[in-house]
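Spelled out, the chains give:
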Amino acid sequence: MSAVPTSSLAIVAAVPGGPEVLATASVRTPSPGPGQLLVRVAAAGVNFIETYERTGTYNVPFPFTPGSEAAGTIVAVGEGVADFAVGQRVATAEGRATYAEYAVVDAAAALPVPDGIPIDVAAALPLQGMTAHYLINSTFKVASGHTVLTHAGAGGVGLLLTQLLKARGARVLTTVSSDAKEALARAAGADEVLRYDGFAPAVRELTGGVGVDVVFDGVGKDTFDGSLAALRTRGMLVLFGGASGQVPPFELQRLNAGGSLFVTRPKLKDHLLDAAERRWRAGELFAAVADGSLDVRIGARYPLARAADAHTDLQARKTTGKVLLVP
Ligand code: NDP
């Protein structure tokens, strides 16, 4: 532990609120407990969930340091850690308080970063990548020939999802809000790129009146009704986020009227249940990056102290791909 300073910088929100509550503070550097690693953070991933936590939409204790995603180098290991050593590079989607210079990571949730994967890519991939992975492998098993609608096609999850879906042989329809985002979605392989206005009738037209097999909807409130209307008979709406706001209570009878539809609301935590599941998802993603079939777009890097700006831009739809904080 000798090289580890006793105090270091972290982002701390004293109370719930807007991006301005994210302040830089000097904190006591955390120590790894049994089964834990202390990681010097090279980059921390910014994810939409942290905006829900910051505002109090999702319940977290305050004062609060956001962040569950990061990559960096192990600087200390706790008691009983056998699989990791100081100096090794690791990433995680399941850390705590990663908007910081140092973060504690459970060894069970740490992903060894393969040689050849840049550390910022390792920070950018785990959370959105494993989300895209479980959505298409575990929530709705996408196969060649499926037609899929995914919203926010130039976003962090969106760009990864589109590439993984195309590699599967699916036809991908997506929505974006600007020409610049359309260009990114097309470069990721999307077959059809739509604007949000009137997307449901457009999808029906593009599918010969049939509708899509599945919608992956992380936008939520603004798109939910259209997503239901874009489904084929017995299609599935996978609501996995609420970038535009949370979807209000839902009348189940609408599933009957829409054509025996399915709706589900999954989360990543339930798809990383054990070491084998983590290894499977992360292993396939790192391998796809290594063989060049998956491009991880880092759309923006902010110094740690500008976490508030990162949140502002993410919520204002100004970002594309992954947003990183660099301590
Ligand atoms: P993105 O990079 O996709 O950013 C959100 C995007 O949503 C924006 O760029 C914007 O793209 C679109 N959007 C549409 N309407 C709005 C609005 N009113 N306000 C803000 N954005 C809007 O974020 P992430 O990739 O980090 O996350 C995408 C979604 O996935 C989020 O809802 C997140 O919570 C969810 N998620 C869920 C997980 C799970 O396991 N359930 C895990 C990870 C993420 P455009 O301008 O093109 O519309």
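Residues numbered from 1 in each chain as written. Predicted model: local features only at pLDDT ≥ 70, side-chain atom pairs only at ≥ 80, totals over all residues. Heavy atoms only, no water.

(A) Looking closely at the environment of valine 219. When you line up the elements, valine 219 lands in the loop between strand 11 (212-217) and helix 7 (224-229). Here the alpha-carbon distance between valine 219 and alanine 152, two residues 67 residues apart in the chain, equals 7.1 Å. If near-sequence neighbours (up to four positions away) are discounted, valine 219 is found in contact with His151, Ala152, Tyr196, Gly241, Gly242, Ala243, Ser244 and Gly245. (Helix = DSSP H or I, 4+ residues; strand = E, 2+ residues; numbered from the N terminus. Contact = heavy atoms within 4.5 Å.)

(B) Up close: the pattern of salt bridges. The full count for this structure, using the stated rule, is 15 salt bridges. Between arginine 186 and glutamate 182 there is a salt bridge, and its shortest N-O distance comes to 3.0 Å. On the criterion of helical spacing, the pair formed by arginine 186 and glutamate 182 is a turn pair, its members being 4 residues apart in helix 5 (residues 179-187). Judged by relative accessible area, arginine 186 falls into the partly exposed class, the value being 39%. For lysine 267, the salt bridge is made with aspartate 270, and the minimal N-O distance between the two is 2.9 Å. The class of lysine 267 is partly exposed, set by a relative accessible area of 43%. Overall, aspartate 270 belongs to the partly exposed group, its relative accessible area being 39%. (Salt bridge = Lys/Arg side-chain N within 4 Å of Asp/Glu carboxyl O. Buried < 20%, exposed > 50% of the residue type's maximum accessible area, 1.4 Å probe, protein only.)

(C) View of the site of the ligand. With respect to spatial proximity, 29 residues lie near the ligand, and among them Tyr134, Ser177, Lys181, Tyr196 and Gly218 are the closest. Taking glutamine 128, its side chain carries an N or O atom lying 2.9 Å from an oxygen atom of the ligand. Protein coverage of the free-state accessible area of the ligand, which is 900 Å², stands at 92%. Breaking the shell around the ligand down by element, the ones donating at least two residues are helix 1 (48-55), helix 3 (126-139), helix 4 (156-168) and helix 10 (307-315). Among the elements that make up the shell around the ligand, the one with the highest residue count is helix 3 (4 residues). Class assignment for the residues of the shell around the ligand results in 14 nonpolar, 11 polar and 4 charged. (Near = heavy atom within 4 Å. Polar contact = N/O pair within 3.5 Å; in protein donor to acceptor, adjacent residues only side chain to side chain. Areas by Shrake-Rupley, 256 points an atom, 1.4 Å probe, with all protein chains shown as cover. Nonpolar A, V, L, I, M, F, W, Y, C, P; charged D, E, K, R; others polar.)

(D) Local environment of the packing of helix 1 against helix 10. Helix 10 packs onto helix 1 with a crossing angle of 110 degrees between their chain directions and a minimal axis gap of 10 Å. It follows from the interaxial angle that helix 1 and helix 10 lie roughly perpendicular. Here Phe48, Glu50, Thr51 and Arg54 of helix 1 come into contact with helix 10, specifically with His311, Leu314 and Gln315. Here the residues of the contact of helix 1 with helix 10 sort into 2 nonpolar, 3 polar and 2 charged. (Axes fitted to C-alpha atoms, helices over the stretch in contact; angles between N-to-C directions. Parallel < 35°, antiparallel > 145°, perpendicular 65-115°, else oblique.)

(E) Here's a closer look at helix 10. Within helix 10, burial applies to Ala307, Ala308, Ala310, His311, Asp313 and Leu314. The inward-facing, buried residues of helix 10 contact strand 1 (7-13), strand 2 (22-28), strand 3 (36-46), helix 1, strand 14 (298-303) and strand 15 (322-326). One or two positions beyond helix 10, positive phi appears at arginine 317, with a value near 65 degrees.

(F) Layout of the nonpolar core. The biggest cluster of nonpolar side chains holds 52 residues, and the ones touching the most others in it are Leu125, Met130, Val142, Leu161, Leu165, Phe216 and Leu294. Elements with a contribution of two residues or more to this core: helix 2 (119-124), helix 3, helix 4, helix 5, strand 11, strand 12 (231-239) and helix 9 (275-290). In terms of domain composition, this core takes at least three residues from each of domain 1 (7-125 + 296-326) and domain 2 (128-269). Apart from residues lying up to four places away in sequence, phenylalanine 216 is in contact with Leu135, Ile136, Phe140, Val142, Val148, Leu149, Thr150, His151, Leu161, Leu165, Val238 and Phe240. (Core = buried A, V, L, I, M, F, W, Y, C linked by side-chain atoms within 4.5 Å. Domains from an automatic or database assignment.)

(G) How the structure looks around unusual backbone geometry. The step from phenylalanine 62 to proline 63 runs through a cis peptide bond, and the omega angle for that step is 0 degrees. In this structure, alanine 152 is a non-glycine residue whose phi angle is positive, near 50 degrees. For alanine 152, a relative accessible area of 29% translates into the label partly exposed. Backbone geometry places arginine 317, a non-glycine residue, at a positive phi of 65 degrees. Tracing the sequence through the fold places arginine 317 in the loop between helix 10 and strand 15. Relative accessible area serves as the criterion here: at 47%, arginine 317 is assigned to the partly exposed category.

(H) Quick look at the packing of aromatic side chains. All chains considered together, the criterion is met by 4 aromatic pairs. Considering the side-chain rings of tyrosine 52 and tyrosine 58, the 5.0 Å spacing of their centres and the 50 degrees angle between planes classify their relative orientation as tilted. Cluster of aromatic residues (ring-pair linked, three or more members): Phe48, Tyr52 and Tyr58. (Phe/Tyr/Trp six-rings, centres within 6.5 Å; stacked < 30°, edge-to-face > 60°.)

(I) Structural context of the sheet that holds strand 10 (residues 192-194). Spatially, 6 strands are ordered 10-9-8-11-12-13 in an open sheet, and the strand pairing comes out parallel. Only two strands of the sheet have a single neighbouring strand rather than two, namely strand 10 and strand 13 (262-264). Each neighbouring strand pair of the sheet contributes to a mean axis angle of 15 degrees, computed without reference to strand direction. Judged from the 3 bridges that link them, strand 8 (residues 147-150) and strand 11 form a sheet pairing that is parallel. Residue pairing across strands places threonine 150 opposite phenylalanine 216, the latter belonging to strand 11. Packed on one face of the sheet, helix 6 (residues 199-206) meets strand 8, strand 9 (171-175), strand 10, strand 11 and strand 12 and runs near 160 degrees to strand 10. (Pairing = 2+ DSSP bridges.)

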